[in-house]
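So you can see what is in the structure, the chains are spelled out below.
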Amino acid sequence: MRGALSGWDVIISGVAKAVQLILSGDPTVLQITFLSIVVSGTATLLGALIGIPLGTVTSLKQFKGKSAVVQVVNTLTGLPPVVVGLVLYLVLSNSGPLGFLRLLYTPQAMMLAQLVMVMPITMSITISSVSAIDPDVREAAMSLGASPLDETLIMLNEARVGLLTSVVVGFGSAISEVGAIMMVGGNLLGYTRVLTGAIVLLTNQGEFAEAIALGIILLSLAFVVNILLTILRSKFAGTSSYTASILVSPAESRSA
Amino acid sequence: MPLVEMVNVSKSYGTRAVVKHVGLKLEEGMILALMGPNGSGKTTLIKLAALLTRPSEGSIIFDGVNTECGDGKLRQLRRRMSVVFQRPALFDVSVEDNVSVGLSTRGNDEERIRTKVEDVLTRMELTDLRGRRARTLSGGEAQRVSVARALATEPELLLLDEPTASSDPRNASIIERSVVESNANKGTTVLIATHNPHQAKRLATETAFLFEGEIVERQSTGALFESPKDERTAAYVSGRMA
């Protein structure tokens, strides 16, 4: 009973501390939060830039071994972070094949670790989204004489809600990841410490109030990003947002 | 010279032959109806004519050009025709944007696109729906947009796969009228697959009857319905065959 009460005390004081830290603009917290956003945002952006085109090509093209490729990509969405961390650690360490790049214990190594986990997610969701489009729609595009690029743009427009979902899920996965980035980033204060790493460290040190405070900041961050992307997603789903050059909207031309 | 000529064309999916040794000529400016029971291969034949699928055997000649060619050439040929599918297959954009797609892919300038879109929206009685998202339309309205999209490009060949199957009489009437006008005013050659004998009689100068992937009879529409030569055609037009 006392333990339960003290647990609640910790949570309540954690919330109070979080408010205090946020309102006071603590420079360390700001730096950690900023680095979290930069690392996870960059990894998600790169993951989308690589995963969405690869997923689109995989979905639209017929080739030998396609189902095996899809299976592998789907499997990679569940990559254990510590395994990613271990492999990247070995690859990036001084004696590893990419040791000469001197990336170990840098934010770039953390981005790379998150990219390895985000890319299969964006690719997998893109494959599902593009594959789910009515085949008649693609044939309609072909029948209208669309070039391969036009056809791809039309298909991407049809799958746009799914593509945005892939970014949302990818970012959620990246920002909440801890195992791999700690292994390749080192959790160095002021250099590679992000919110998740800081929470682990503070918990290990018994600084529960600060850990909860950072957890609340992390949750709020994920929440805000999700809200923004959800608004975007509903906007995409609810309005004609097809601005690809192939579609010259007469309505827009008139108003121009 | 016919606009489209299919020479001994067959199409199989795996071991299943869907179209068998079809020989078909479409003369310029004609309207040919393609009738036949479900599963007789009408849709596949339309897709073959639309160059959306390649024949397993035989060859398709479009305006004197053998279509056994590369993708780039095929695309050029496809730009001279338009297809209306049984389901509208509209893009998830506005009605107006749907109608303009074919004109954009053909490299028309904005002024021409604007003029053509305006003209076809008026003809198809779609001006009130121009800003509506295509996916919010009723089945009949969506099919009208699909026909408008096809007609906007003023194709030499118009291929229609049961275009009024999901339309009420008003929508069906607008679609039929637009097809007839396009044929009469622009000389558009039309191949229309239909289950509806009345529609075939209203639109087509000639009708071909397709049964189990083979064209078993082709005559002027009136003659085919009044005095079919083939037993299977007779059974179909008299309602004894589903």
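Described in the following lines is the structure provided in the data block. Note that the coordinates shown come from a computational prediction; the quantities given were computed from them, not determined experimentally.

Calculation notes
Residues numbered from 1 in each chain as written. Chains lettered and ligands numbered in written order. Predicted model: local features only at pLDDT ≥ 70, side-chain atom pairs only at ≥ 80, totals over all residues. Helix = DSSP H or I, 4+ residues; strand = E, 2+ residues; numbered from the N terminus. Axes fitted to C-alpha atoms, helices over the stretch in contact; angles between N-to-C directions. Parallel < 35°, antiparallel > 145°, perpendicular 65-115°, else oblique. Left-handed = near helix turned anticlockwise from the far one by under 90°. Contact = placed C-beta atoms within 7 Å. Nonpolar A, V, L, I, M, F, W, Y, C, P; charged D, E, K, R; others polar. Pairing = 2+ DSSP bridges. Buried ≥ 20, exposed ≤ 12 C-beta atoms within 10 Å, placed from the backbone.

### A look at unusual backbone geometry
Residues and elements named next belong to chain B. Of note in this structure, Asp63 is not a glycine but carries a positive phi near 50°. With respect to the secondary-structure elements, Asp63 resides in the loop between β4 (57–62) and β5 (65–66). Although it is not a glycine, Glu212 sits at a positive phi angle of roughly 45°. If you trace the backbone, Glu212 turns up in the loop between β9 (206–211) and β10 (214–220).

### Some words on the packing of helix α2 (residues 27–60) of chain A against helix α8 (residues 160–175) of chain A
All names here are of chain A. Taken N-terminus to C-terminus, the directions of α2 and α8 make an angle of 140°; their axes are 9 Å apart at the nearest point. In terms of axis orientation, α2 runs oblique to α8. Classified by chirality, the crossing of α8 by α2 is right-handed. Residue-level inspection shows Ser36, Ser40, Ala43, Thr44, Gly47, Ala48, Gly51 and Ile52 of α2 in contact with α8, the latter providing Leu163, Ser166, Val167, Gly170, Phe171, Ala174 and Ile175. Of the residues belonging to the contact of α2 with α8, the class tally is eight nonpolar, seven polar and no charged.

### What about the sheet that holds strand β3 (residues 31–35) of chain B?
All names here are of chain B. Ordered by their spatial adjacency, six strands build an open sheet running β6-β7-β8-β3-β9-β10, and the pairing between neighbours is mixed. The sheet is open, and its two borders are formed by β6 (81–84) and β10, each paired with just one other strand. Looking at each pair of strands side by side, their axes are set apart by 15° on average, direction ignored. Where β3 and strand β8 (residues 189–193) come together, four bridges link them in parallel fashion. Bridge pairing in β8 places Ala33 opposite Ile192. This element, helix α5 (residues 139–152), spans β6 and β7 (157–161) of the sheet and lies at about 175° to β6.

### Notes on the interface of chain B and chain A
At the junction of the two partners, chain B supplies 28 residues and chain A supplies 25 residues. Secondary structure elements with two or more residues in the side of chain B that touches chain A: α2 (71–78), β6, α3 (95–105) and α4 (110–123) of chain B. Ranked by residue count, the leading element in the side of chain B that touches chain A is α3 of chain B, at seven residues. Residues that form the side of chain B that touches chain A fall into these classes: ten nonpolar, seven polar and eleven charged.

### Quick look at the sheet that holds β5 of chain B
Backbone hydrogen bonds hold the strands of a sheet together, and the pairing may be parallel or antiparallel. All names here are of chain B. Strand order in the open sheet formed by four strands is β2-β1-β4-β5, and the pairing between neighbours is antiparallel. If you trace the sheet from one side to the other, it starts and ends with β2 (16–26) and β5, each paired once. With five bridges joining them, strand β1 (residues 4–13) and β4 adopt antiparallel strand pairing. Bridge assignment links Val7 to a residue of β4, and that residue is Ser59.

### Quick word on the environment of Leu158 of chain B
Residues and elements named next belong to chain B. Its place among the elements puts Leu158 in strand β7. For Leu158, a count of 26 C-beta atoms within 10 Å puts it in the buried group. C-alpha separation for the pair Leu158 and Ile175, spaced 17 residues apart in sequence, amounts to 13 Å. Leu158 has contacts with Ser82, Ala150, Val179, Ser182, Thr188 and Val190, leaving out every residue within four places of it along the chain.

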